[in-house]
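Notes for the structure review
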Amino acid sequence: MYRVTVRQGWGGQETTIHSENMSSVKLLSAKITKDVDSIDSFAFNISPKSPQYNAFKYRTTFVKVTNTKLNKVLFEGRVLPTTDSMDSSGLFNKTVTCEGLTAFLHDSIQDYYALSNNDLKAFLGHMIDVHNRQVDFYKRIKLGQVTVTSPSDNVYKSIDDSKTTYDTIKEKLIDKYGGEIRLRHEPDGLYLDYMPEIAIQSNQEIRLASNLLSIKRAIDPSAMYSIIKPLGARAETTTQTDEGNTDISQPRLTIETVNAGSPFLVSQKLVDQIGCVVHPEVWDDVKVASILKSKGQAMLDSQRLIKEQFQVSAVDLSLLTDRTVDSFECGNYHQTINPLMGIDERLRIVGQSLDLCEPLNSTLSIGDKLLGQADYEALIKKQGEVIDEIKSRVAAQTARIVTITKEMESTNEALSSAQKELSSLKTEYDKLIENIGDADFKVIMTKLTELENQTTTIINNLGEIGKNVLDLETFKTAQETINTKQETINEDFKKRVLALENGGK
C-alpha cells in the first residue's frame with residue numbers, strides 16, 4: 001500500500017526503506033502530517049538492521065512516500081537533523097524528520113521591492129525570480145496557477161529584504177489576500193500554485209456505520225462577533241507636516257459615507273444570540289468606501305455561530321481493492337454524516353495525520369481551522385516584530401529631535417551674531433554722519449555703499465534664520481506628538497501580547 005524510498009542528492013538513485021510487499025524492509029513507525037496552511041512533514045523511526053540506517057544526511061537526502069495502489073506521491077521532501085536513541089531494554093533506533101519541498105522557499109531571502117498595481121501574479125512572479133537567482137538548480141520554481149486577485153486597483157506593495165521567500169509570500173499575499181499555495185513536482189520541474197482554495201468536492205462520504213470509526217468535536221466560540229467595523233487604507237498625507245509623519249498617525253477609511261453615517265455593520269441575528277460584540281477588520285489595500293462595505297458585509301455574513309472542528313478516525317475506502325472513490329486528502333471536502341451528533345454537512349479536511357504502519361490510527365481534522373498553540377505563538381511573534389519596529393521609529397525620531405535641538409542652538413548663535421553685526425553697523429553709520437563735514441564726498445559714498453550691502457545681507461540672513469527657527473519648532477512639535485501616539489500604541493500592543501500569553505484573559 002505504501003512505499004518509502006530514499007535518494008542521496010536530488011538526482012540520486014532511489015532505494016526502498018519501507019514496502020508493503022517486503023517484510024524485511026519495514027520502518028518501525030512512520031507518520032505524515034499535513035495542514036492546509038503549513039509545510040508537510042514526515043517523521044519515522046528506522047531500525048539499525050536497515051542497510052540505510054546511516055544514510056540520512058541533512059538537507060541533501062531526499063525521501064518520497066508513494067501510495068502504490070493509486071500510484072500517487074503522498075510526500076516528498078528533504079531530511080532534517082536526525083536523532084539516535086536507545087531505550088531501557090537496550091534497543092537502538094533512529095528518528096528521522098523530513099520537511100516537504102515547499103521548504104525550498106525558506107532557502108532564499110527577498111530583495112527590497114515596491115510597486116503600485118493590483119497584479120498579484122506579477123508580484124508573486126517577482127518573488128520567485130529573486131528566489132531562483134539564489135538557490136541550487138533543482139530548487140528553482142516556475143509559476144503555476146495563480147487565480148487569487150486583488151480586490152481593488154492601484155494597490156501599493158513592498159517587500160522587506162530581511163525575510164525568506166516563504167515568509168514573504170505568507171505575509172504579503174496569503175495573510176493579506178487569502179488563498180493557499182501548493183508546490184507541485186512535475187517531470188519538467190517544480191511549479192508553485194496560488195489559488196483561493198486548493199480542494200475538490202470528494203465523492204467519498206464519512207458516515208457513521210460505514211467508514212467512521214471515531215469522532216470528537218472541538219468548538220471555539222471566542223472568535224465570534226455580531227458587529228463588524230470595516231477599516232480600509234490609511235488617509236494619504238496632505239501637508240508638509242504630514243510628510244514627516246508615519247502612517248500610524250493617519251486615520252483609516254471607514255464606511256460612514258455609504259452606510260448612513262455609521263462605521264458599523266450589524267447582524268441582528270447574531271446580536272440576538274451572542275449580544276453586541278464588535279470586531280474591527282482591516283483591508284489595507286481598499287481605498288473605496290463602497291468596496292470596503294461590500295467586503296465587510298461578506299465577512300459578517302460568512303460568520304458561523306461557533307467555529308467547530310472534528311477529530312476523526314475513518315477508514316479510507318479508496319484503499320480497498322473494490323472501491324473506486326476519492327481518497328482522503330488534506331484540503332478536500334467530504335460529506336460527513338453522524339445523526340447521533342447532529343452532523344450532516346460537507347466539511348473540509350484541514351489537517352491530516354497518516355500512519356503508514358498502522359493505517360487505522362490515521363486521523364483527520366475536519367471543519368474549521370482553529371488556532372493552535374503554534375498559531376498563537378506566531379501571532380505573538382508578529383506583534384512583537386511590530387512593537388520592535390515602532391520602538392525603532394521612536395528612537396530614530398528622538399535622535400532627530402536631538403539633532404534639531406542642536407541645530408536650533410546653532411541658529412540661535414547665528415542670530416545673536418547677526419544682531420551684534422547690526423549694532424556694529426549702526427555705530428559705523430553714526431560715526432560717518434558725525435564726521436561727514438570733514439570727509440571726502442567720494443569716500444563717504446563708497447563707505448555708504450559698503451554699509452548698505454552689509455545691511456542687506458544681514459537682513460536677508462535674519463529672515464532665513466527666522467524661517468528656519470519656525471520650521472524647526474514646527475517639526476519638533478510634530479515629532480513629539482508622533483512619539484506620544486506611538487508610545488500609546490506600543491503600550492496597547494504590549495497589553496495584547498500579554499493577553500495572548502495569558503490565554504486571552
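Below, the structure is looked at part by part. Per chain, residues are indexed from 1 in the order of the written sequence. This being a predicted model, a pLDDT of at least 70 is required before a residue's local features are given, and a value of 80 or more before pairs of side-chain atoms are given or counted; all residues contribute to the totals for chains, interfaces and linings. With hydrogens and water excluded, all non-hydrogen atoms of the structure serve as input to the side-chain values.

1. Notes on the sheet that holds strand β17 (residues 265–266)
The pairing of strands in a sheet happens through backbone hydrogen bonds and is either parallel or antiparallel. Our working rule: Two strands qualify as a pair provided DSSP detects at least 2 bridges between them. Counting from the N terminus, the helices are DSSP H or I runs at least four residues long and the strands are E runs at least two residues long. Throughout, a contact is declared for two residues whenever any of their heavy atoms are within 4.5 Å. To obtain an axis, a line is fitted to C-alpha atoms, over the contacting stretch when the element is a helix, and the angle between two such axes runs from 0 to 180 degrees between their N-to-C directions.
If you walk across this open sheet you meet the three strands as β17-β16-β18, and the pairing is mixed. Across the chains shown, the open sheet's two edge strands, defined by having one partner strand only, are β17 and β18 (278–282). Where strand β16 (residues 227–231) meets β17, two bridges bridge the pair, whose relative direction is antiparallel. Paired with isoleucine 228 across the two strands is leucine 265, which belongs to β17. Lying on the sheet, helix α5 (residues 289–301) is in contact with β16, β17 and β18; it crosses β16 at an angle near 145°.

2. Topic: the side chain of serine 362
Put simply, the rule is: Two N or O atoms count as a polar contact when they lie within 3.5 Å, although within protein this holds only if one can serve as hydrogen donor and the other as acceptor, and sequence-adjacent residues are included solely when both atoms are side-chain atoms.
When you line up the elements, serine 362 lands in the loop between β21 (343–355) and β22 (363–367). Within the structure, serine 362 has its side chain in polar contact with the backbone nitrogen of aspartate 355 (distance 2.9 Å). Excluding its chain neighbours within four sequence positions, the residues that come into contact with serine 362 are Val312, Ser313, Ser353, Leu354 and Asp355.

3. Examining the packing of helix α1 (residues 120–134) against helix α2 (residues 165–177)
Definition in use: By the definition adopted for this analysis, an angle is roughly parallel if under 35 degrees, roughly antiparallel if over 145, roughly perpendicular if from 65 to 115, and oblique otherwise.
Close contact between α1 and α2 brings their axes to 10 Å; oriented N to C, the two are set at 170°. Between α1 and α2, the interaxial angle falls into the category roughly antiparallel. When α1 is examined against α2, the residues Leu120, Phe123, Leu124, Met127 and His131 are found in contact with a partner set consisting of Thr165, Thr168, Ile169, Lys172, Leu173 and Tyr177.

4. A look at the environment of glycine 179
Inclusion rule: Only protein chains enter the accessibility calculation, which uses a 1.4 Å probe. A residue is then buried if its area is under 20% of the maximum for its type, exposed if over 50%, and partly exposed in between.
With respect to the element layout, glycine 179 can be found in the loop between α2 and β12 (180–186). With relative accessibility at 23%, the residue glycine 179 sits in the partly exposed group. Among all residues touching glycine 179, those that are not within four sequence positions of it are Val148, Ile174, Tyr194, Met195 and Pro196.

5. Notes on the nonpolar core
The following threshold applies: In this text, buried Ala, Val, Leu, Ile, Met, Phe, Trp, Tyr and Cys residues form a nonpolar core when linked through side-chain atoms within 4.5 Å.
Leu105, Leu124, Ile169, Leu173, Ile181, Leu192 and Tyr194 are the most contacted members of the largest nonpolar core, which totals 26 residues. Elements represented by at least two residues in this core include exactly α1, β10 (141–146), α2, β12 and β13 (189–195). Not counting residues up to four positions away in its chain, the partners in contact with isoleucine 181 are Thr102, Leu105, Tyr166, Ile169, Ile174, Leu192, Asp193, Tyr194 and Ile198. Within the second largest apolar cluster, 22 residues are counted, among which are Val6, Phe42, Phe56 and Val96.

6. Some remarks on the pattern of salt bridges
Once their charged atoms are close, side chains differing in charge can pair, the charge on each being opposite to the other. As a reminder, the rule being used: A side-chain nitrogen of Lys or Arg and a carboxyl oxygen of Asp or Glu constitute a salt bridge if their distance falls within 4 Å.
A full pass over the atoms with the stated rule returns 21 salt bridges. Here lysine 163 and glutamate 171 are joined by a salt bridge, their closest N and O atoms 2.5 Å apart. Accessibility expressed as a relative area gives 19% for lysine 163, which makes it buried. Residue glutamate 171 is classed as partly exposed on the basis of its relative accessible area of 25%. Among the salt bridges present, the one from arginine 184 reaches glutamate 186, with a minimum N-O distance of 3.0 Å. A relative accessible area of 29% means that glutamate 186 is categorised as partly exposed.

7. Overview of the sheet that holds β12
Read across the sheet, three strands follow the order β10-β13-β12 without closing on themselves; strand pairing throughout is mixed. The strands lining the two open edges of the sheet, one partner per strand, are β10 and β12. Going from strand to strand, the sheet's axes swing by 25° on average, the running direction of each strand aside. This element, α1, spans β10 and β13 of the sheet and lies at about 165° to β10. Where α2 meets the sheet, it contacts β12 and β13, and its direction lies at approximately 25° from that of β13.

8. A short note on a nonpolar patch on the surface
Heads up, the rule is: To count toward a patch, a residue needs a relative accessible area over 30% and no salt bridge; like charges are then connected within 9 Å, while nonpolar side chains (Val, Leu, Ile, Met, Phe, Trp, Tyr) are connected within 5 Å. The protein chains shown are the only cover counted for residues, whose accessible areas, like all others here, come from Shrake-Rupley with a 1.4 Å probe.
Together, Phe264, Val266 and Val278 line one region of the surface with nonpolar side chains, adding up to about 240 Å² of accessible area. Position of phenylalanine 264 among the secondary structure elements: in the loop between α3 (240–243) and β17. Relative accessible area serves as the criterion here: at 34%, phenylalanine 264 is assigned to the partly exposed category.

9. Brief notes about the pairing of strand β8 (residues 92–100)
Note: strand β4 (residues 41–46) against β8, six bridges, orientation antiparallel. Counted as the bridge partner of phenylalanine 44 is valine 96 from β8. As paired strands, strand β6 (residues 72–79) and β8 are joined by three bridges and run antiparallel to one another. Bridge pairing in β8 links arginine 78 to glutamate 99. Pairing of strand β7 (residues 83–86) with β8, which is carried by four bridges, proceeds in the antiparallel orientation. Bridge assignment links aspartate 84 to a residue of β8, and that residue is lysine 94.

10. Overview of the pairing of β12
Looking at chain direction, β12 and β13 are connected through seven bridges and run antiparallel. Bridging from a neighbouring strand, arginine 184 pairs with tyrosine 191 of β13. Hairpin connection of β12 to β13: two residues between the antiparallel strands.

11. Re the environment of serine 267
Tracing the backbone shows serine 267 in the loop between β17 and α4 (268–274). Considering only alpha carbons, one finds serine 267 and isoleucine 228, 39 residues apart in sequence, at a separation of 8.7 Å. Not counting the four nearest positions on each side in its chain, serine 267 is found in contact with Ser226 and Leu300.

12. With respect to the packing of aromatic side chains
We apply this condition: Centre distance within 6.5 Å is the pairing criterion for rings of Phe, Tyr and Trp, where only the six-membered ring of Trp is used; planes under 30 degrees apart are then read as stacked, over 60 as edge-to-face, and the remainder as tilted. Consider the ring centre and the ring normal. A charge sits over the ring if Lys NZ or Arg CZ is within 6 Å of that centre and within 35 degrees of that normal.
Taken as a whole, this structure holds 11 aromatic pairs when the rule is applied. Between phenylalanine 104 and tyrosine 138, the ring centres sit 5.9 Å apart and the planes meet at 65°, which makes this aromatic pair edge-to-face. Of this pair, phenylalanine 104 sits in the loop between β8 and β9 (113–116) while tyrosine 138 sits in the loop between α1 and β10, placing them 34 residues apart in sequence. The pair phenylalanine 104 / tyrosine 138 is uniform in exposure class, with both members buried. The residue whose ring lies beneath arginine 7 is tryptophan 10, and the NZ or CZ to ring-centre distance is 5.0 Å. Over the aromatic face of tyrosine 53 sits the side chain of lysine 94, whose NZ or CZ is 4.6 Å from the ring centroid.

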